[in-house]
Each structure stands twice: as structure tokens, then as C-alpha cells.
Amino acid sequence: LEVLQLIDVDANDEIERDPNAFLPNQIITRREYARWLLAVNNRFYSDQPAKKIRPAVESSEPAFQDVGNTNIDFPAIQGLAEAGIIPSPLNGSTTAVTFRPNAPLTRKDLILWKVPLDTRSTLPEATAAAVGEAWGFQDASRVEPAALKAVLADHSNGEFANIRRALGYTTLFQPDKGVTRAEAAAVLWRFGNSTEGITAAELAPEDDSGDEESRQ
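Our subject in this report is the structure included herewith.

Looking only at helices and strands, one finds nine helices and two strands in the chain. Counting only residues that meet the buried cut, the chain has 45% of its 216 residues in that class. In the chain, the proportion of contacts linking residues at least 24 apart, taken out of those at least 6 apart, comes to 67%.

The structure is reproduced here in C-alpha cells:
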């Protein structure tokens, strides 16, 4: 939680925040989750360059019509798009021409964006019937095709599944329901598949004095 709060405080996005309040029940926006996702992934894999996501540079051609290169979260949002983690025209999506950065993050996007960073592989084909059988979700037919793949792949993570960690036991996925900051944090607590992964508990605390020296 301390890492996520620092990400928000350092964002300089003109949103008034109490640096000592995490606000776990507040709905998280799409821009905030994108910011967290890239920053936490790169913190977890700070010593593994091949697993880090490169923030976009200002000279990149914007992938979304509503996130220009002057947007405070352009490096994270554009970086995720360029890495193919989030749907955009760059990976062939014809519907994701806008990002809607200030819209609430939904459960389907919570999982759709995170699972590729767990599996590090192409997501399997999936149907609503397969998801319903695997998870027991009564509303599997309401999940869009792209998200179905991520939801099914998440099930293969067993007890380490993001859905189990964030939502607990449920027979309704409610794909378009807003995600709280606590649920997003729970998903980001671990990266990896069912056999190997890394958790926030394993991160060594950063040496503040060393950081200060590196900035000088």
C-alpha cells in the first residue's frame, strides 16, 4: 500500500490526495490503475529488464485520441498500449480508439490488463460456456470475448487467481462493475502463474538514503 500511495503522490496530476489515506473503498479510475500496473510491474521486476514495461516517450504517436503526449499519464497508458497489454488500435482493436482515462475501471478490464503480465504468453481461446463451467459464473455470457480469454486464463492460476484474491468467492463476475482501490491493490499484490511468481511481501524495502544519493 505504501508503494501505491507513493505512486499517487508522485503523479502530480492535480488530484488532491491525503498521502496518509489509501481510501480502499473508493472506485479507482482507468488512468490510476494503468499508472499502478506499469509502476508495480516494473518495481517487482526491477532486476529483470526483459519483464519490465517501457514507459512511452513524448515523441510517440498517441494510441488513443483522448490521451495526448502532454497528458500526465501518457507514459504509462501509451507504454501499456505499445506493449500490447491494453486494447488499442496498435494491437488491432477497432473499438478502443479512446481510453477514457477518468472513467471507473471495470472488473473485466482489471483482469484483462493484468493477466497477460501473469502468464507472459498468448491468452487461450475462450467461450462464455467454458468460463461459466470453470468459474461457475452465472453471468459469463455478459463478459466480452477479449475479457473472456483473460478470465479463463486467470482460473488456471488456481489459488493465485486474481479474481479469487480480489473478489473472494462469488458466482457473479459483474464485468462492468467498478473496481475499488482495495480490489486493484489485491490484484497487484502478486505477479506470476500457478507455479512461480513474486509478491509484494518479497520486495526488499528501498534504501531511502541510496535513492537520495542517486538523485543528486
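Okay, back to it.
Another aspect to go through is the packing of helix α4 (residues 107-119) against helix α6 (residues 145-155). Helices that pack against each other are described as a pair by the angle of their axes relative to one another and the distance between those axes. In the contact formed by α4 and α6, the axes pass within 8 Å of each other and the chain directions differ by 70°. Taken together, α4 and α6 sit at an angle that is classed as roughly perpendicular. The way α4 lies across α6 gives a crossing that is left-handed. Where α4 approaches α6, its residues K108, I111, L112 and V115 are matched on the opposing element by A146, A147, A150, V151, A153 and D154.

Looking at the second largest pocket, its volume works out to about 320 Å³. Around the second largest pocket, the lining comprises 19 residues; the ones closest to its centre are R30, A96, R100, D109 and E144. Among the elements of the structure, α4 and α6 are those that each provide at least two residues to the lining of the second largest pocket. For the lining of the second largest pocket, the element with the highest residue contribution is α4, accounting for four residues. Along the lines of polarity and charge, the residues of the lining of the second largest pocket split into 10 nonpolar, four polar and five charged.

This brings us to the environment of Q174. Within the secondary structure, Q174 is located in the loop between α7 (162-167) and α8 (181-188). Sequence separation between Q174 and R142 is 32 residues; the distance between their C-alpha atoms is 8.0 Å. With residues up to four places along the chain from it excluded, the contact list for Q174 reads R107 and D139.

Rules behind the numbers
Residues numbered from 1 in each chain as written. Predicted model: local features only at pLDDT ≥ 70, side-chain atom pairs only at ≥ 80, totals over all residues. Heavy atoms only, no water. Helix = DSSP H or I, 4+ residues; strand = E, 2+ residues; numbered from the N terminus. Buried < 20%, exposed > 50% of the residue type's maximum accessible area, 1.4 Å probe, protein only. Contact = heavy atoms within 4.5 Å. Axes fitted to C-alpha atoms, helices over the stretch in contact; angles between N-to-C directions. Parallel < 35°, antiparallel > 145°, perpendicular 65-115°, else oblique. Left-handed = near helix turned anticlockwise from the far one by under 90°. 1 Å grid on protein atoms, 1.4 Å probe; cavity = no way out; pocket = protein on both sides within 12 Å on 5 of 7 lines; lining within 4 Å. Points joined across faces, edges and corners; volume = space filled by probe spheres on them. Nonpolar A, V, L, I, M, F, W, Y, C, P; charged D, E, K, R; others polar.

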